[in-house]
Each structure stands twice: as C-alpha cells, then as structure tokens.
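If you want the building blocks of each chain, they are given just below.
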Amino acid sequence: MTVPFPQAHPGAWTATAMIAAVVLSSTAGEVLTAAAMKSLGDLDDIRAHSGLKGAIRAVLTCPLFFAGVFFLAVAFFALLFALNHLNLSLVAPASASLTLVTNAIAAKIFLKENVDRRRWTAAVFVCVGVYLLAH
Amino acid sequence: MAQHSLTLRQYLLLGLVAVCAPLGDTCLSRGMTQMPAISLSHPGALVAAVFTPWIASGIALLIGFFASYLTALSWADLTFVLPATAFGNVIVALLSRFWLHESISLERWAGIVLITLGVGFVAQGPSLTERPAPQPEAEKVEAR
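Keep in mind the model is a prediction, meaning the values are calculated, not measured.

About the thresholds
- Residues numbered from 1 in each chain as written.
- Chains lettered and ligands numbered in written order.
- Predicted model: local features only at pLDDT ≥ 70, side-chain atom pairs only at ≥ 80, totals over all residues.
- Helix = DSSP H or I, 4+ residues; strand = E, 2+ residues; numbered from the N terminus.
- Buried ≥ 20, exposed ≤ 12 C-beta atoms within 10 Å, placed from the backbone.
- Contact = placed C-beta atoms within 7 Å.
- Axes fitted to C-alpha atoms, helices over the stretch in contact; angles between N-to-C directions.
- Parallel < 35°, antiparallel > 145°, perpendicular 65-115°, else oblique.
- Left-handed = near helix turned anticlockwise from the far one by under 90°.
- Nonpolar A, V, L, I, M, F, W, Y, C, P; charged D, E, K, R; others polar.
- Expected span 1.5 Å × (residues − 1).
- Core = buried A, V, L, I, M, F, W, Y, C linked by C-beta atoms within 7 Å.
- pLDDT = per-residue confidence, 0-100.

Overview of the overall build of chain B
So, step 1. What chain B contains, in helices and strands, is six helices and zero strands.
So, step 2. Seen in sequence order, chain B has helices and strands lined up from the N terminus as α-α-α-α-α-α.
So, step 3. Buried residues in chain B amount to 33% of all 144 residues.
So, step 4. In chain B, of all internal contacts separated by at least 6 residues, the share reaching a separation of at least 24 is 79%.

Right, here's the structure in full:
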C-alpha cells in the first residue's frame with residue numbers, strides 16, 4: 001500500500017500566484033504566436049505560391065513563433081505545477097476563463113486589435129460560460 | 001471598419017479548430033485510461049503508448065488543431081479565433097449529452113448558452129482589424 005505524501009494546503013495568495021502564472025504565460029504565448037502569424041501574412045496564400053513545404057518553412061523560420069511556443073510550454077508546465085498543489089475543479093475553469101479576458105486585453109494593447117464592445121461582450125460571455133461548463 | 005467576410009473554407013477551418021482540440025484531448029484521455037499505470041522508471045512504456053490507436057489518433061487530431069489554429073491566426077484576429085476554440089467545449093458537452101447520454105446540469109446548460117451567444121456575437125463582426133495601408137516610399141519623400 002502506498003502512503004500519499006502529506007501536502008500543505010496552499011494559501012489563497014499562493015493559489016492566486018499559481019493560477020496567475022498559468023494565465024500570464026498562456027497569454028504571452030498566444031499573443032506572440034498571433035503576432036508571428038500576422039507577420040507572415042495569410043498562410044493559405046503562402047501555401048498557394050510555395051506549397052505546403054514553403055508554408056511550413058515560413059512558420060519554422062519565424063523567431064516570434066518559437067518565442068510563442070516557448071511561453072505556451074511554460075504555461076503547460078505551470079498548469080501541471082498548479083494541478084499538483086490545487087484542485088482541478090479550481091485550476092481548470094479559473095485559468096481557462098481568465099485567459100480569455102487577459103488575451104482580449106493583451107490583443108488590444110500589443111496586437112492593436114480593434115476590441116470593440118461586441119468583442120468585449122463576447123469575451124465576458126465566453127469567460128463566464130467556460131467557467132460554468134468546466135466547474 | 002470594413003467587413004472581412006469569411007469564405008466557406010475559412011469557416012470550415014474555424015470548425016476544425018473547434019472540433020480537433022476537444023476530440024484530441026478525449027482520444028488521449030481514453031487511450032491513457034486504457035493503459036496500465038506507467039512508471040517513470042519505465043519510460044519505454046510511454047513511447048509505446050504513442051503507437052496505440054487512441055493515443056496516435058489524439059496526437060494526429062492535436063497536430064491538426066495546431067495547424068488550423070495557426071492558419072486561422074494568419075488571416076483573423078486573436079480575439080476572433082479564441083471564442084471558436086472555446087466553442088469546442090460546447091461540442092464536447094453536447095456530444096456527451098446526446099451520444100453518451102450523460103446528464104448535463106442546469107449550470108452547464110447556462111455555460112453552453114453563454115458560449116454560444118459569445119461566439120455568435122464575434123462571428124457577426126469583422127474577422128480582422130482594418131489597418132491603414134503602408135505609405136509608399138515615393139509618396140513619403142514627396143510629402144517632405
């Protein structure tokens with residue numbers, strides 16, 4: 001019989017910091033990946049001109065893409081770390097829904113996207129919806 | 001802002017984004033639960049797991065998701081594409097209700113309605129932020 005390791009229950013601030021780490025690294029990854037794709041232009045056009053290999057080459061030679069993938073990997077390991085200390089029913093809905101809002105804010109600031117009232121409403125609806133669905 | 005209407009092909013790609021991620025996760029989950037417990041002292045078992053049908057299908061679906069997600073980001077805003085990925089949760093919940101006959105609580109139905117409304121809001125708007133065309137160098141020189 002295996003005896004589980006006794007684990008100290010993290011406080012509210014520690015739990016908040018863990019979820020914030022997941023949300024912020026995920027947002028950085030999504031925004032950098034989106035910036036990389038925007039800098040390349042329409043991938044369908046690239047594939048039409050240079051074929052599938054040309055499109056793959058264009059993505060794999062873009063430094064911003066690798067920066068995005070790096071932060072997405074950090075987000076993945078931050079999620080694993082958070083799941084090791086906190087309940088899935090807290091981490092999954094909180095990180096999934098908060099990421100939608102932080103992405104909308106980051107897209108407006110860094111990608112200069114036109115996040116109008118329609119998109120803010122959608123972000124809030126989807127954020128609450130994901131929370132309810134995943135909770 | 002000009003309307004960037006999507007073609008049927010682009011709508012299909014967004015559909016792939018929504019469907020491939022949750023289906024891929026489901027395949028991985030099903031494949032891993034069918035495997036005996038894997039210990040870190042036998043990493044070879046983890047490599048062997050990759051070649052089982054469910055895990056291989058899950059990996060193929062997740063590669064399909066990432067490829068279609070990247071393509072969608074090349075012609076649409078991040079704030080347009082992300083709700084499409086969240087719509088995958090709705091598809092999984094509906095599949096579990098009508099295919100696996102699982103029960104869905106009132107709270108989860110409310111979540112489904114909110115995500116659907118949110119995706120509907122975004123889909124009615126433009127897919128890409130209009131940016132001013134870069135001024136040609138010759139015109140910049142003339143303007144000085």
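Don't stop here, the text continues.
Focus on the interface of chain B and chain A
So, step 1. If you look at the interface, chain B gives 28 residues, while chain A gives 33 residues.
So, step 2. For the side of chain B that touches chain A, the element with the most residues is helix 5 (residues 106-124) of chain B, which contributes twelve residues.

With respect to the environment of Ser57 of chain B
All names here are of chain B.
So, step 1. Topologically, Ser57 is positioned in helix 3 (residues 53-75).
So, step 2. Of the residues examined, Ser57 has 17 C-beta atoms within 10 Å and is grouped as partly exposed.
So, step 3. The sequence separation of Ser57 and Val122 amounts to 65 residues, and the corresponding C-alpha distance is 31 Å.

Focus: the packing of helix 5 (residues 117-134) of chain A against helix 5 of chain B
So, step 1. Interaxial distance between helix 5 of chain A and helix 5 of chain B falls to 7 Å at its minimum, and their mutual angle equals 155°. The orientation of helix 5 of chain A with respect to helix 5 of chain B, classified from their angle, is roughly antiparallel. For helix 5 of chain A against helix 5 of chain B, the interelement crossing comes out left-handed. Contacts between helix 5 of chain A and helix 5 of chain B pair Arg118, Arg119, Thr121, Ala122, Phe125, Val126, Val128, Gly129, Val130, Leu132 and Leu133 of chain A from the former with Glu107, Arg108, Ala110, Gly111, Ile112, Leu114, Ile115, Leu117, Gly118, Val119, Phe121 and Val122 of chain B from the latter.
So, step 2. Counted by class, the contact of helix 5 of chain A with helix 5 of chain B contains 15 nonpolar, four polar and four charged residues.

A word on helix 4 (residues 88-110) of chain A
So, step 1. Its 23 residues place the ends of helix 4 of chain A 31 Å apart at the C-alpha level, agreeing with the 33 Å of an ideal helix rising 1.5 Å per residue.
So, step 2. Those residues of helix 4 of chain A that fall on the buried side of the exposure criterion are Val91, Ala94, Ser95, Ala96, Ser97, Leu98, Thr99, Leu100, Asn103, Ala104, Ala106 and Ala107 of chain A.
So, step 3. On its buried side, helix 4 of chain A packs onto helix 1 (12-40), helix 3 (63-85) and helix 5 of chain A together with helix 4 (78-98) of chain B.
So, step 4. Lys112 of chain A occupies a position one or two residues after helix 4 of chain A and carries a positive phi of about 55°.

As for the nonpolar core
So, step 1. Counting residues in each nonpolar core, the largest one holds 69 residues, and the members touching the most others are Val126 of chain A together with Val17, Ala72, Leu73, Val81 and Ile115 of chain B.
So, step 2. Excluding residues within four positions of it along the chain, Ala72 of chain B makes contact with Leu13, Leu14, Val17 and Val81 of chain B.

Observations concerning the environment of Asn87 of chain A
So, step 1. Inspection of the secondary structure puts Asn87 of chain A in the loop between helix 3 and helix 4.
So, step 2. Note: C-alpha distance between Asn87 of chain A and Ala107 of chain A (20 residues apart in sequence) is 30 Å.

Observations concerning the confidence of the model for chain A
So, step 1. Per-residue confidence for chain A gives a mean pLDDT of 87, with 93% of residues at or over 70.
So, step 2. Taking the mean pLDDT of every element in chain A, the minimum, 87, falls on helix 4 of chain A and the maximum, 93, on helix 1 of chain A.

Things to note about the packing of helix 1 (residues 8-34) of chain B against helix 4 of chain B
Residue and element names in this part refer to chain B.
So, step 1. Helix 4 packs onto helix 1 with a crossing angle of 50° between their chain directions and a minimal axis gap of 8 Å. Put simply, helix 1 runs oblique to helix 4. Crossing handedness for the pair helix 1 and helix 4: right-handed. Together, Leu14, Val17, Ala18, Val19, Ala21, Pro22 and Thr26 of helix 1 and Val81, Ala84, Thr85, Phe87, Gly88, Asn89, Ile91 and Val92 of helix 4 make up the contact between the two elements.
So, step 2. A class-by-class count of the residues in the contact of helix 1 with helix 4 yields eleven nonpolar, four polar and no charged.

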